[in-house]
Amino acid sequence: MIERVDIPPRAARYAPAPAPYSQGRVGRWLTGCVGGGQPYFNQSSALEVVARGSNLVVATPTASGKSLVFMAAALEEIVNGDGRVLVFYPQKMLGGDQFARWQRALERLGLEPNLVGEITGEVSMYERERVLERARIILATPDVIHCWLMRMLHLPAAAAFLKALKFVVIDEAHTLDGVFGSHFAFFFRRLRDARWRAGPMTPEPQVIAATATLRDPAEHLAALTGLSFEVIGEDQNGAPAHGVTLLHIDGPDVGAASEKAGADIMTALLDKMSPAEAAIAFADSRQGVERIARRVNRTDAKPYRSGFNPAERRSIEGGLRAKDLKAIFSTSASELGIDIPQFAYGLNVGIPSTRKSLRQRCGRVGRAQPGVFAVMAPSAAFARLGSSLRESITGPVEASPLYLSNPFIQFQQARCYLRELGSEDCVPELRSELGWPDGFAGALEMALPGAERPRVLDDIANTGWDNPHLAYFLRSMPSISFALKNARNGETIGTIDHEKALREAYPGATYIHLGAHYRVIDWFNTSYEQTIKLQPIKRAEPTHPLTRFQISASVEAGEVVDGHLLASAEGCLVEAQLRAVESVEGYRIGTTSLLYRELLEKDRRMRRKQREFMTVGVVMRIQAPWFAGTSESQVATRRAVAEALQEVITREYGISPGDLRAAHSGIAFHSITGARKVDDAVAVFDTVPGGLRLSSPLFSDFAAIIARLERGAELAGEEALLPASTVQRLEEWHSRLTASEPHHHPPQVGEGKQLIFAPSSRVSVKIRGQTVERVLLEPQMLAIGGGEQLMYRYEDLSGSQAWVAHDQVEPIGNDWQRAIWNPINNHIEPLEVNI
């Protein structure tokens, strides 16, 4: 054991419930819920705020009785009022867990349990309307209200529900940050506007939010909703708590060794636990939890993750509630608000990506009895981050970022809003009381049919023009989603997005689903089908993808973000638009690497897969011998710096590791003339198409990041993310940088000549709505539609040739160059790449 933190038990503090929650049927129900006495002090204080009619955020720790507050408010309205209630749960498992609780509460009040209804993706369209008509309390994820209800505002049942809406509940509000929270902020304003249109003469619904891990609850909820809030915080918490012991135990945190160690610990726990106890283990890889469950190999222990179908999820959730399951192995899918009293033990393989996540996961244990939660990671895992287990569990949590000015998010939300209004002829007047984020009026202008907009927004528009609510998800930017199909019987066993598929379901991969093994045999990615075929197999060795990123940056005017460019004779630090290619080049089994370029000779289905996207990132060029070059030590230094910066930024700024990546090779700088590879740079960048500026702290807070690395070097010594000498060199390099102006070097193109992509350029081409990589062979002016158009003959990966228009070609990756072409004599003069 490396470190132990004991969270002592806490005695209860009580206070009388305020009217109207102290009398009548609701008063008797509340008294029964609190064991015949009074509610906790925090619950009583929160109900006083509700009774005053103010919007409320209850910001107290896990297991402090937050849900009792909004349940009491809702039930009082059902018993003594005529309003209706919409309750947002962030995850399906959480909503399903609470549905039965709501039904029991209604039954105890002598009311019909069908007064509460659940609307999820599994509920049929017909039944959704019946639920809207019948139920006075609706439980839903924000996703289904966005995708379904906001498209169906013309339905009488939808208008009646919105008009009668008295309360909106936002549970687990700390999950609403990043992409999800940013989309939610616009969605909630659209919902408020729809509610106003349904009942303009009635007061706005009162909002009650609950959270355990927000740094500034009132400010965050105001940004999410456009409303002001009163806060009931930790200082008013009167809920009792069992003691919980947190442990940092030494062990591997990545790879097969960590999975084996995690499985061994869980097996030992399962053998020793009493019948009244259960355990939960967390890992951040979907296939990782499958492999851990497979190693444990017990019928009373199951994996739980995204990608399961509804029946599979319900089976696992039902097994937990019925106490048939003694353990689950989960990703973040079950870290929020799940109340399973028998969870007495918890394990996390590796350090959770954020302090918020750590606290949520710890909060799953010790609810009905003392609990133990262990983090298995190398001995210096916390120290190398300049932190400790105690600081992570007791110090302030990270901020919850929102990207309300992001043009990609604003455009998607504008498309949805225009569709809801039913008129796309002009920009509507925005109601000021909704508090729309700055720039949204401009986004509405660009979202109108036929409006001029940047090409990157055109791509998003084309993705969801006919049905934006279904094309644009709240939790992610537009992306391809693949159906995972059993090649033997055609059955769909799950879904996976493009980014995850490159890491989990690449050609040749071993894929595990609820313990069953499959081999990935083929991809179908066309405009009408996105499917990955899986062949059932008895068992196979785990595979690991061989992935790489190609990153192209520029210091040209128009590509540098907000003028964020510092430079010196030793390099530069720039925040810029980046062109990124992520590809899987093959896979590894044990120590054997299998490359697609070799596998392709025997099986044409074994091809490299890739995704291409524009994003935003920060690039550091350091033209010094200790950093720049191709020697083993220079490459190792760049790798260490890139990984250290990524690690610190994700943990210090509350960013999901999957949303941020770092590269130390495959980096090029480009200008309008072409791209040139460099061996003196590292890049930290968003993996979210369009970019959210997640890496911006590397430019704006460089000193704070260096300070954290210095602290890590002091605490962890040889096991630090970076040695003290490297941290000092980075600090000295940064101190010599000064503000610089972006470059602007347009090429001179003579009369009658064309600026083209040079032959042999490897570029991105749009074909039937899909972006693919092609090699250009030659330009030609072709007669099309009564005029001439610049076209390129190209070659695809199979050697076939075709033509593509110049305006369908985008530079991406590092192997392209511009040239000046004279169509009359076909002379092509390559331009010198000037970066």
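Residues numbered from 1 in each chain as written. Predicted model: local features only at pLDDT ≥ 70, side-chain atom pairs only at ≥ 80, totals over all residues. Heavy atoms only, no water.

Along the backbone of the protein there are 24 helices and 37 strands. By the compact-globule yardstick of 28 Å for 835 residues, the protein fits well, its C-alpha radius of gyration being 28 Å. Referenced to the eigenvectors of the C-alpha coordinate spread, the extents of the protein come out at roughly 95 × 65 × 60 Å. Going through the 835 residues of the protein one by one, you find that 56% of them count as buried. Considering only intrachain contacts with a sequence separation of at least 6, the fraction spanning at least 24 residues in the protein is 73%. Surface accessibility of the protein: about 33900 Å² in total, with carbon and sulfur atoms responsible for 50%. For the protein, the centre of its 91 positive side-chain charges and the centre of its 97 negative side-chain charges are spaced 6 Å apart. (Helix = DSSP H or I, 4+ residues; strand = E, 2+ residues; numbered from the N terminus. Rg over C-alpha atoms; globule rule 2.2 N^0.38 Å. Buried < 20%, exposed > 50% of the residue type's maximum accessible area, 1.4 Å probe, protein only. Contact = heavy atoms within 4.5 Å. Areas by Shrake-Rupley, 256 points an atom, 1.4 Å probe, with all protein chains shown as cover. Lys, Arg positive; Asp, Glu negative; His and termini not counted. Charge placed at Lys NZ, Arg CZ, Asp CG, Glu CD.)

Our next topic: the sheet that holds strand β1 (residues 3-7). Each strand in a sheet pairs with its neighbour through backbone hydrogen bonds, running either in the same direction (parallel) or in the opposite one (antiparallel). Within the open sheet, the seven strands sit side by side as β1-β9-β14-β13-β10-β12-β11. Their pairing is mixed. A single partner strand is all that each edge strand has here, and the edge strands are β1 and β11 (301-304). When strand polarity is set aside, the average angle formed by the axes of neighbouring strands in this sheet is 15 degrees. As defined by bridge partners, strand β10 (residues 278-282) adjoins strand β13 (residues 343-349) across five bridges and the pair is classed as parallel. What sits directly across from Ala281, in β13, is Leu347. In this fold helix α11 (residues 286-296) packs onto β11, β12 (327-330) and β13, with an angle of close to 150 degrees to the strand it touches most, β12. Contacts from helix α13 (residues 355-362) reach β9 (244-250), β10, β13 and β14 (371-377) within the one sheet, and its direction differs from that of β14 by about 140 degrees. (Pairing = 2+ DSSP bridges. Axes fitted to C-alpha atoms, helices over the stretch in contact; angles between N-to-C directions.)

This part takes up the confidence of the model for the protein. Any segment with low pLDDT has predicted coordinates that should not be analysed in fine detail. Taken as a whole, the protein shows an average pLDDT of 91; of its residues, 98% reach a score of 70 or greater. Confidence, expressed as mean pLDDT per element, reaches its minimum in the protein at helix α17 (residues 455-464) with 77 and its maximum at strand β8 (residues 230-232) with 98. (pLDDT = per-residue confidence, 0-100.)

What describes a pair of aromatic rings is the distance from one ring centre to the other and the angle between the planes of the rings. Enumeration over the complete set of coordinates arrives at 18 aromatic pairs. Both rings, one in Phe88 and one in Phe187, keep their centres 5.8 Å apart while their planes meet at 70 degrees; by these two values the pair is edge-to-face. Of this pair, Phe88 sits in strand β3 (residues 84-88) while Phe187 sits in helix α8 (residues 178-198), and the two are 99 residues apart along the sequence. Taking the relative accessible area as the measure of exposure, Phe88 reaches 2% and is therefore buried. Overall, Phe187 belongs to the buried group, its relative accessible area being 0%. Plain terms: the ring middles of Phe482 and Trp523 are 4.9 Å apart, the flat faces sit at 55 degrees to each other, and that makes the pair tilted. With a gap of 41 residues between them, Phe482 in strand β15 (residues 481-486) and Trp523 in strand β18 (residues 516-525) connect regions that are remote in the sequence. Trp523 matches Phe482 in its accessibility class, with the two residues each being buried. (Phe/Tyr/Trp six-rings, centres within 6.5 Å; stacked < 30°, edge-to-face > 60°.)

All right, on to helix α12 (residues 310-321) then. For α12, built from twelve residues, the straight-helix expectation of 16 Å at 1.5 Å per residue is met to within 8% by its first-to-last C-alpha distance of 16 Å. Among all positions of α12, only Glu312, Arg313, Ile316, Glu317, Gly319 and Leu320 are buried. One side of α12 holds all its buried residues, which, seen down the axis, span an arc of 160 degrees. Lys323 sits one or two positions beyond α12 and adopts a positive phi of about 65 degrees. (Expected span 1.5 Å × (residues − 1). Arc of directions from axis to C-beta.)

Inside soluble globular proteins, nonpolar side chains tend to come together where they are buried. Counting residues in hydrophobic clusters, the biggest one holds 126 residues, and the most contacted among them are Phe88, Ile170, Leu221, Leu573, Met620, Leu698 and Leu709. Examining the composition of this core, we find that nine residues originate from one element, α8, more than from any other. (Core = buried A, V, L, I, M, F, W, Y, C linked by side-chain atoms within 4.5 Å.)

With that settled, consider the pattern of salt bridges. In this structure the tally under the stated criterion is 43 salt bridges. Through salt bridges with shared partners, a single network forms among Arg548, Glu585, Arg608, Arg762 and Glu773. (Salt bridge = Lys/Arg side-chain N within 4 Å of Asp/Glu carboxyl O.)

Glancing now at the pairing of strand β21 (residues 560-568). Bridge count between β21 and strand β22 (residues 571-589): five bridges; the pairing is antiparallel. Following the sheet pairing, Leu566 is matched in β22 by Leu573. Count of turn residues in the β21/β22 antiparallel hairpin: two residues. Pairing geometry for β21 and strand β29 (residues 738-739), over two bridges, is antiparallel.

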